[in-house]
Amino acid sequence: MQDIMIGVLAWIGLNTSYNVELNLPNLSFTEPSNVCANYGINNKGRCQASGVIAFYNQKKTIYLPLNFNENSKEDRSKLVHEMVHYVQWANNKNKTECMGNLEVEAYELQEKWRLSQKLTASLDPFKTIMLAASCED
Ligand SMILES: [Zn+2]
């Protein structure tokens, strides 16, 4: 898993202007319902419907579900998303940029990675519009 994370970090470095000479974040594997609880989603049905799979917090830990499959590109694309957040925080971007815009950047980079891996496009333009709009005064 470490080599995968190093590869993702290098990819982020090539595709952004962030400094990626960083230690790797911690990984924590947990029941999907616990991942949802980190988001404040306690209802199991709602948890599955939300698609919440990984969550990055400021303690430099990425939470992944127990059924995360490191050989699945689909799952890896979610790791890419969370690693982008890790890099944003490590570069203090969270201190100058609105959360919605950080989310948009993470989704757009995830999408770019997906396309580079020949995965189908998954980014919902409406979602990014709503996230960016949440940052407008
Ligand atoms: Zn995110």
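Owing to the predicted nature of the structure, the values given are computational and were not obtained by experimental measurement.

Caption draft 1: Representation of helix 4 (residues 73-90). Between its terminal C-alpha atoms helix 4 stretches 25 Å, which fits the 26 Å expected from 18 residues at 1.5 Å a residue. Of all the positions in helix 4, only Arg76, Leu79, Val80, His81, Glu82, Met83, Val84, His85, Tyr86, Val87 and Gln88 are classed as buried. In the segment just after helix 4, Asn92 is the residue with positive phi, at about 60°.

Caption draft 2: Expanded view of helix 1 (residues 2-15). With 14 residues, helix 1 extends 20 Å between its outermost C-alpha atoms, agreeing within 8% with the 20 Å of an ideal straight helix rising 1.5 Å per residue. Within helix 1 the residues assigned to the buried category are Val8, Leu9 and Ile12. Projection of helix 1 onto a plane perpendicular to its axis shows the buried side chains occupying an angular sector of 100°, all on one side. In helix 1, the exposed positions angled more than 90 degrees off the buried face are occupied by Asp3, Ile6, Gly7, Ala10 and Leu14.

Caption draft 3: Geometry of the packing of helix 1 against helix 4. Relative orientation of the contacting elements helix 1 and helix 4 amounts to 60°, with a least axis distance of 10 Å. As judged from the angle between their axes, helix 1 and helix 4 are oblique. In this structure, the crossing between helix 1 and helix 4 has a hand that is right-handed. Contacts from Ile4, Met5, Val8, Leu9 and Ile12 in helix 1 reach Arg76, Leu79, Val80, Met83, Val84 and Val87 in helix 4. Its residues assigned to classes, the contact of helix 1 with helix 4 shows ten nonpolar, no polar and one charged.

Caption draft 4: View of the confidence of the model for the protein. Predicted confidence across the protein gives a mean pLDDT of 85, with 80% of residues reaching 70 or more. Averaged pLDDT values for the elements of the protein fall to 54 in strand 2 (residues 55-57) and rise to 96 in helix 1.

Caption draft 5: Summary view of the environment of Leu119. Structurally, Leu119 is set in the loop between helix 5 (99-116) and helix 6 (125-133). We classify Leu119 as partly exposed; it has 15 C-beta atoms within 10 Å. Sequence spacing of Leu119 and Ser77 is 42 residues, and the spatial spacing of their C-alpha atoms is 9.2 Å. Those residues in contact with Leu119 that sit more than four places away from it in its chain are Lys73, Glu74, Ser77 and Arg114.

Caption draft 6: Up close: the packing of helix 5 against helix 6. Two elements in contact, helix 5 and helix 6, have axes whose closest approach is 7 Å; the angle formed by their N-to-C orientations is 155°. For the element pair helix 5 / helix 6, the angle class is roughly antiparallel. Crossing geometry of helix 5 relative to helix 6 is assigned as left-handed. Contact with helix 5, carried on its side by Gly100, Asn101, Glu103, Val104 and Tyr107, involves Thr128, Leu131 and Ala132 of helix 6 and no other residues of that element.

Caption draft 7: Highlighting the environment of Leu24. Residue position: Leu24 is located in the loop between helix 1 and strand 1 (26-30). Leu24 gets classed as partly exposed once you count the C-beta atoms within 10 Å, which come to 15. In sequence terms Leu24 and Val87 are 63 residues apart; their C-alpha atoms lie 9.7 Å from each other.

Caption draft 8: Broad picture of the environment of Tyr63. Following the sequence through the fold, Tyr63 ends up in strand 3 (residues 61-65). Taking the C-alpha atoms as reference points, Tyr63 and Thr30, separated by 33 residues in sequence, lie 6.8 Å from one another.

Procedures and definitions
- Residues numbered from 1 in each chain as written.
- Predicted model: local features only at pLDDT ≥ 70, side-chain atom pairs only at ≥ 80, totals over all residues.
- Helix = DSSP H or I, 4+ residues; strand = E, 2+ residues; numbered from the N terminus.
- Expected span 1.5 Å × (residues − 1).
- Buried ≥ 20, exposed ≤ 12 C-beta atoms within 10 Å, placed from the backbone.
- Arc of directions from axis to C-beta.
- Axes fitted to C-alpha atoms, helices over the stretch in contact; angles between N-to-C directions.
- Parallel < 35°, antiparallel > 145°, perpendicular 65-115°, else oblique.
- Left-handed = near helix turned anticlockwise from the far one by under 90°.
- Contact = placed C-beta atoms within 7 Å.
- Nonpolar A, V, L, I, M, F, W, Y, C, P; charged D, E, K, R; others polar.
- pLDDT = per-residue confidence, 0-100.

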